[in-house]
Amino acid sequence: LLFLQLIMRRLRKQRTGNDRAGRAAIVVPNGTLFGDGVCARIKEELLKEFNLHTIVRLPNGVFAPYTAIPTNLLFFDRSGPTKDIWFYELPLADGRKNYSKTKPLQFDEFADCIKWWGQPGLGTKRKENDQAWKVPAAELLANNCNLDRKNPRGKEDITHLPPEQLAADILKKEQRIAEIVGRIRDLL
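Residues numbered from 1 in each chain as written. Predicted model: local features only at pLDDT ≥ 70, side-chain atom pairs only at ≥ 80, totals over all residues. Heavy atoms only, no water.

Observations regarding a positive patch on the surface
Taken together, the side chains of Arg-12, Lys-13, Arg-15, Arg-20 and Arg-23 present a region of like positive charge at the surface. Considering the arrangement of structural elements, one finds Arg-12 in the loop between α1 (2–10) and β1 (23–29). Exposure remark for Arg-12: the relative accessible area of 46% places this residue in the partly exposed category. (Patch = residues over 30% accessible without salt bridge, like charges linked within 9 Å, V, L, I, M, F, W, Y side chains within 5 Å. Areas by Shrake-Rupley, 256 points an atom, 1.4 Å probe, with all protein chains shown as cover. Salt bridge = Lys/Arg side-chain N within 4 Å of Asp/Glu carboxyl O. Lys, Arg positive; Asp, Glu negative; His and termini not counted. Charge placed at Lys NZ, Arg CZ, Asp CG, Glu CD. Helix = DSSP H or I, 4+ residues; strand = E, 2+ residues; numbered from the N terminus. Buried < 20%, exposed > 50% of the residue type's maximum accessible area, 1.4 Å probe, protein only.)

In structure tokens, the structure reads:
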């Protein structure tokens, strides 16, 4: 957080229309996105006084074996307050289960992200897709500056059934198994 604050303080403000605002990109651990207390105040400043325009969610294990903590790339500038934040979830490459020291993340794996991002000066507009979505800054500010947003089109997490239903399902399966074992015994 201190390094993030240092970068924020060092970015040049946009003084005139011709003057270009300072820009930055930083790698942060997942905890930075959902942290509260001092962390929430820093993120509030980032949203109100900086344009946090993009967060790239990196796949788990990108920095393995040094750390297994999930990480993100924050892109922001000093051109004004944040209106919307684009999120892009970088998927694990096909055929890849994890990253390691000998099999690290490759630049080619950013190709779809770079294509989605667009090229400066060409007027390319970003569009929502299976990896990209947009969240209004007002919504994040109202939610204690929690930037940990999951992909709304991503894979569903495992849903947990109520304990009563789980117990009933297990009992039903056990009874079915007992029936089958009984038939096998009769056949022998």
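Structural notes on the pattern of salt bridges
Per the stated rule, a full pass over the model turns up seven salt bridges. Here Arg-9 makes a salt bridge to Glu-45, at a shortest N to O gap of 2.9 Å. Highlighted residues: Arg-9 in helix α1 and Glu-45 in helix α3 (residues 38–49), separated in sequence by 36 residues. Among the residues examined, Arg-9 registers a relative accessible area of 48% and is labelled partly exposed.

Thoughts on the environment of Ile-42
If you trace the backbone, Ile-42 turns up in helix α3. For the pair Ile-42 and Arg-9, spaced 33 residues apart in the sequence, the C-alpha separation amounts to 11 Å.

Considerations on the packing of aromatic side chains
Enumeration according to the criterion identifies six aromatic pairs in this entry. Ring geometry for Phe-75 against Trp-117: centres 4.8 Å apart, planes inclined by 70°, an arrangement best described as edge-to-face. In this pair, Phe-75 sits in strand β3 (residues 71–77) while Trp-117 sits in helix α4 (residues 111–117), placing the two residues 42 residues apart along the sequence. Ring plane angle 90° and centroid distance 6.4 Å describe the contact between Trp-116 and Trp-117, whose orientation is recorded as edge-to-face. Given a relative accessible area of 7%, Trp-116 falls into the buried group. Aromatic ring contacts, followed pair by pair, group Phe-75, Trp-86, Tyr-88, Trp-116 and Trp-117 into a single cluster. When the ring centre of Trp-117 is taken as reference, the NZ or CZ atom of Arg-126 above it lies at 4.2 Å. (Phe/Tyr/Trp six-rings, centres within 6.5 Å; stacked < 30°, edge-to-face > 60°. Lys NZ or Arg CZ within 6 Å of the ring centre and 35° of its normal.)

Some points on the nonpolar core
Leu-52, Ile-55, Leu-74, Phe-76, Ile-85 and Leu-147 are the most contacted members of the largest nonpolar core, which totals 23 residues. Elements with a minimum of two residues in this core: α1, β1, α3, β2 (51–57), β3, β4 (84–89) and β5 (132–136). Apart from the residues lying within four places of it in its own chain, the contact partners of Ile-55 are Leu-33, Asn-72, Leu-73, Leu-74, Ile-85, Trp-86, Phe-87, Tyr-88 and Leu-147. Ranked by size, the runner-up nonpolar core spans 13 residues in total, among them Val-56, Leu-58, Leu-90 and Trp-116. (Core = buried A, V, L, I, M, F, W, Y, C linked by side-chain atoms within 4.5 Å. Contact = heavy atoms within 4.5 Å.)

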